[in-house]
Amino acid sequence: MRKRNSILLILLGTLLAVILLFPIYLMILSSFKPIDQVFDLRILPDFSSLTLKNYQEVLQTDTFGLFMWNSLVSSVAVTLAALLFHSMAGYTLARLEFPGKKLVFGWMMSTLMVPFAVIMIPLFFIAKGLGITNSLWGIIFPMIPNAYGIFLFRQFYLGIPRSLEESAHIDGASYFGSYWRVVMPLSAPIAITLALTFFVTNWNRYLWPLIVNQKRAFWVIQVGIATFKDDKEMLWNLILAASCLAALPTLLTFSFFQRYIVEGIKMTGLKG
Amino acid sequence: MGKNRKRAQTITAYAMLAPDIIGLVVFVFIPIIYAIAMSFFKWDGLTEPVLVGLDNYAKLLKNPGYLRSLKTTLLFTLMYVPGSYVVSLGLALLVNAIRGRSQQLFRTLFFMPYSVSFVVAGLAWIFILNPKRGILNGLITLLGGAPQGFYASTAQALPSVALVSVWIVLGYNMVLFLAALKDVPGELYEAADVDGAGSVRKFFTITVPMISNTSLFVVIVSTISSFQAFDVIRVMTNGGPAKATTVTVFYIYQQAFEVGKIGYSFACAVVLFLIIVVATMCQFALSNGGSENA
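Note that this is a predicted model, so its numbers are computed, not measured.

Caption draft 1: Summary view of the overall build of chain A. Helix and strand content of chain A: 13 helices and zero strands. Each helix (α) and strand (β) of chain A, taken in turn from the N terminus, gives the series α-α-α-α-α-α-α-α-α-α-α-α-α. For chain A, the C-alpha radius of gyration of 23 Å lies well beyond 19 Å, the compact-globule estimate for 272 residues. Residues counted as buried form 54% of the 272 residues belonging to chain A. For chain A, long-range pairs separated by at least 24 residues make up 74% of all intrachain contacts whose partners lie at least 6 apart in sequence. In the form shown here, chain A has an accessible surface area of approximately 12,800 Å², with 68% of it arising from carbon and sulfur atoms. Side chains of chain A carry 21 positive and 13 negative charges; the gap between the two charge centres is 11 Å.

Caption draft 2: Spatial organisation of the overall build of chain B. A tally of regular secondary structure across chain B gives 13 helices and two strands. What you see for chain B is a C-alpha radius of gyration of 24 Å, clearly larger than the 19 Å of a compact globule of 294 residues, by over 25%. Based on the C-alpha atoms only, the size of chain B along its principal axes is roughly 80 × 75 × 35 Å. Residue burial in chain B is summarised as follows: out of 294 residues, 50% are buried. Taking all contacts inside chain B whose residues are at least 6 apart in sequence as the whole, residues at least 24 apart take part in 66%. A total accessible area of about 13,600 Å² is found for chain B, and carbon and sulfur atoms account for 67% of it. Computed over 20 positive and 12 negative side-chain charges, the inter-centroid distance for chain B is 7 Å.

Caption draft 3: Spotlight on the confidence of the model for chain B. Residue and element names in this part refer to chain B. Averaged over all residues, the pLDDT of chain B is 89; the fraction at 70 or higher stands at 97%. Considering each helix and strand of chain B separately, the mean pLDDT is smallest for helix 13 (residues 262-293), with a value of 82, and largest for helix 3 (residues 64-97), with 94. With a pTM of 0.88, the predicted complex shows an ipTM of 0.88.

Caption draft 4: Layout of the packing of helix 7 (residues 147-158) of chain A against helix 10 (residues 188-203) of chain A. Residues and elements named next belong to chain A. Taken N-terminus to C-terminus, the directions of helix 7 and helix 10 make an angle of 165°; their axes are 10 Å apart at the nearest point. In terms of orientation, helix 7 and helix 10 fall into the roughly antiparallel class. As for the relative orientation of helix 7 and helix 10, their crossing is right-handed in sense. On helix 10, the residues that touch G149, L152, F153 and F156 of helix 7 are P189, I190, A191, L194 and F198.

Caption draft 5: Quick look at the packing of helix 9 (residues 175-183) of chain A against helix 1 (residues 3-38) of chain B. Running from amino to carboxyl end, helix 9 of chain A crosses helix 1 of chain B at an angle of 50°, the nearest separation of the two axes being 9 Å. When the axes of helix 9 of chain A and helix 1 of chain B are compared, the pair comes out oblique. Contacts between helix 9 of chain A and helix 1 of chain B involve Y175, F176 and Y179 of chain A from the former and R5, Q9, T12 and M16 of chain B from the latter.

Caption draft 6: View of the interface of chain A and chain B. On the chain B side, the residues contacting the 90 residues of chain A number 87 residues. The junction of chain A with chain B conceals about 8,100 Å² of combined surface from both sides, 78% of it contributed by carbon and sulfur atoms. Viewed at the interface, chain B and chain A are joined by zero salt bridges. Per element, the largest residue contribution to the side of chain A that touches chain B is 16 residues, and it comes from helix 13 (residues 236-268) of chain A. Here the residues of the side of chain A that touches chain B sort into 67 nonpolar, 18 polar and five charged.

Caption draft 7: Spatial organisation of helix 10 of chain A. Residues and elements named next belong to chain A. When the terminal C-alpha atoms of helix 10 are compared, their 22 Å separation across 16 residues agrees well with the 22 Å that a helix rising 1.5 Å per residue should span. All of the buried residues along helix 10 are I190, A191, T193, L194, A195, L196, F198, F199, V200, N202 and W203. Elements that come into contact with the buried residues of helix 10 comprise helix 3 (64-95), helix 7, helix 12 (221-228) and helix 13.

Caption draft 8: Local environment of the confidence of the model for chain A. Per-residue pLDDT for chain A has a mean of 87; in total, 97% of the residues score no lower than 70. For chain A, helix 8 (residues 163-170) of chain A is the element with the lowest average pLDDT, namely 74, and helix 6 (residues 136-140) of chain A is the one with the highest, namely 95.

Caption draft 9: Fine view of the packing of aromatic side chains. All names here are of chain A. A complete count under the given rule lists 38 aromatic pairs over all chains for this structure. Aromatic pair F257 and Y260: ring centres 6.4 Å apart, planes at 50°, arrangement tilted. Residue F257 and its partner Y260 are both found in helix 13; the two are separated by three residues, about one turn of the helix. For Y260, a relative accessible area of 22% translates into the label partly exposed.

Caption draft 10: Main features of the environment of A97 of chain B. Residue and element names in this part refer to chain B. Here A97 is to be found in helix 3. Taking relative accessible area as the criterion, A97 reaches 34% and is therefore assigned partly exposed. Spatially, the C-alpha atoms of A97 and L176 are 16 Å apart, while their sequence positions differ by 79 residues.

Here is what the cut-offs are and how they apply
- Residues numbered from 1 in each chain as written.
- Chains lettered and ligands numbered in written order.
- Predicted model: local features only at pLDDT ≥ 70, side-chain atom pairs only at ≥ 80, totals over all residues.
- Heavy atoms only, no water.
- Helix = DSSP H or I, 4+ residues; strand = E, 2+ residues; numbered from the N terminus.
- Rg over C-alpha atoms; globule rule 2.2 N^0.38 Å.
- Buried < 20%, exposed > 50% of the residue type's maximum accessible area, 1.4 Å probe, protein only.
- Contact = heavy atoms within 4.5 Å.
- Areas by Shrake-Rupley, 256 points an atom, 1.4 Å probe, with all protein chains shown as cover.
- Lys, Arg positive; Asp, Glu negative; His and termini not counted.
- Charge placed at Lys NZ, Arg CZ, Asp CG, Glu CD.
- pLDDT = per-residue confidence, 0-100.
- Axes fitted to C-alpha atoms, helices over the stretch in contact; angles between N-to-C directions.
- Parallel < 35°, antiparallel > 145°, perpendicular 65-115°, else oblique.
- Left-handed = near helix turned anticlockwise from the far one by under 90°.
- Buried area = accessible area lost by both parts, 1.4 Å probe.
- Salt bridge = Lys/Arg side-chain N within 4 Å of Asp/Glu carboxyl O.
- Nonpolar A, V, L, I, M, F, W, Y, C, P; charged D, E, K, R; others polar.
- Expected span 1.5 Å × (residues − 1).
- Phe/Tyr/Trp six-rings, centres within 6.5 Å; stacked < 30°, edge-to-face > 60°.

If you want it as structure tokens, here you go:
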């Protein structure tokens with residue numbers, strides 16, 4: 001009875017997995033098909049006709065590499081800056097005593113209530129005022145502040161024993177010195193989780209890069225592939241090849257580091 | 001602690017907080033204040049703003065375009081929130097019931113759609129749902145049905161967009177539900193077994209109440225994100241056909257960047273903000289009322 005149940009569950013799971021992963025399978029498969037077969041309905045194709053030509057063609061366009069590069073630079077920059085800033089802020093809020101601490105913390109957390117869609121237009125005018133529209137800075141700077149990141153670092157630092165830093169203090173280290181030399185190296189677990197989460201989020205970001213950079217030279221890959229569709233010259237085999245390449249960094253991140261990303265999701269959720 | 005040391009600590013603290021304080025002030029706090037302040041002005045983004053008081057708000061309450069966008073957003077929420085809730089809880093229950101090594105495998109598989117961006121997901125699904133040549137219509141025709149319009153028809157565009165949005169997010173919600181299910185003490189089920197309770201009764205009397213916090217979190221987060229839907233819509237339908245998928249964020253985007261009514265778009269955004277705040281508070285209130293009755 002039990003055995004039969006578990007076989008049924010696995011069959012059901014397999015069926016659902018096939019359905020849910022079919023769009024990804026079809027996207028990858030069709031990206032290797034020549035244009036005259038791209039809408040061929042056979043699920044198992046004529047494998048001999050599969051080709052790398054679509055990828056070669058996409059990589060040869062003058063903009064694709066640029067869009068990928070812009071995405072890489074901006075998402076890595078946001079990730080690194082966010083890790084540094086939020087861990088400093090989180091440490092300060094967890095350990096140091098100073099006037100206005102509660103107020104600063106409460107105010108920071110209150111920014112979580114502001115949905116991005118509500119501030120996207122004013123944010124554009126502020127970026128314009130700062131002269132960072134139509135540059136990668138425009139994508140990077142506004143996406144660094146993140147109260148969740150601050151909160152999660154603070155929680156992490158509250159959980160590690162004070163004794164380590166205290167011995168550093170006795171040795172005459174400053175607050176910043178003990179943070180930099182003692183606490184930061186201990187932050188690896190939370191830092192890896194947040195780094196992967198920030199990277200994936202920013203690599204996949206579409207709306208803000210679309211708003212802030214109208215000049216093609218500063219487009220990121222998400223904006224780039226979204227317009228490929230409207231380009232009459234662009235063919236589906238190429239759109240799909242470009243989409244696969246655009247999804248590759250996040251697909252790889254998820255395949256190798258899923259544990260950390262799942263951990264990150266659980267931290268933002270509540271228990272119970 | 002000496003006075004000097006105290007002062008040193010305060011200076012260090014604010015120095016270390018400075019990057020994030022400046023960032024949050026410039027990129028979150030000022031924009032929301034700016035949006036509220038400028039919503040009382042008529043402004044095209046280029047010429048001098050003119051103070052018009054509540055004019056923009058009076059206009060938006062009478063504007064059929066804005067009201068329709070709110071209605072479309074609400075319809076989208078009504079498809080997306082229950083849809084993603086039921087599917088991801090179902091998947092979590094299934095994964096949780098599968099024992100041994102394959103549990104991990106199924107979790108990984110169901111989680112995969114969450115790794116692709118909204119843009120890539122939108123493109124992959126247009127390819128499948130393409131009314132003329134897509135594989136789904138091919139399948140429907142093969143089985144003797146009539147081909148459907150999907151995202152290209154006014155009736156099916158919003159459900160299509162909701163479907164894709166649910167597909168992306170179900171891995172995320174599933175992970176949250178799975179964590180909650182793991183925390184339900186096994187003894188509760190054993191006790192219920194002794195009482196001879198069936199699995200449906202166990203689900204409603206044990207599982208549902210024990211995961212209520214996570215349920216509330218998922219519902220609130222999905223509601224807030226459903227009010228902000230944009231990416232999938234922009235890629236799949238561009239607000240159409242015949243404005244069938246012009247949700248509020250899309251409408252605001254158009255008013256600001258295509259029509260050039262900046263002040264008016266701020267008023268629309270402020271009202272959207274109020275709606276999100278009220279909706280969130282209602283959900284909290286409802287859930288508290290529910291647990292008091294239980």
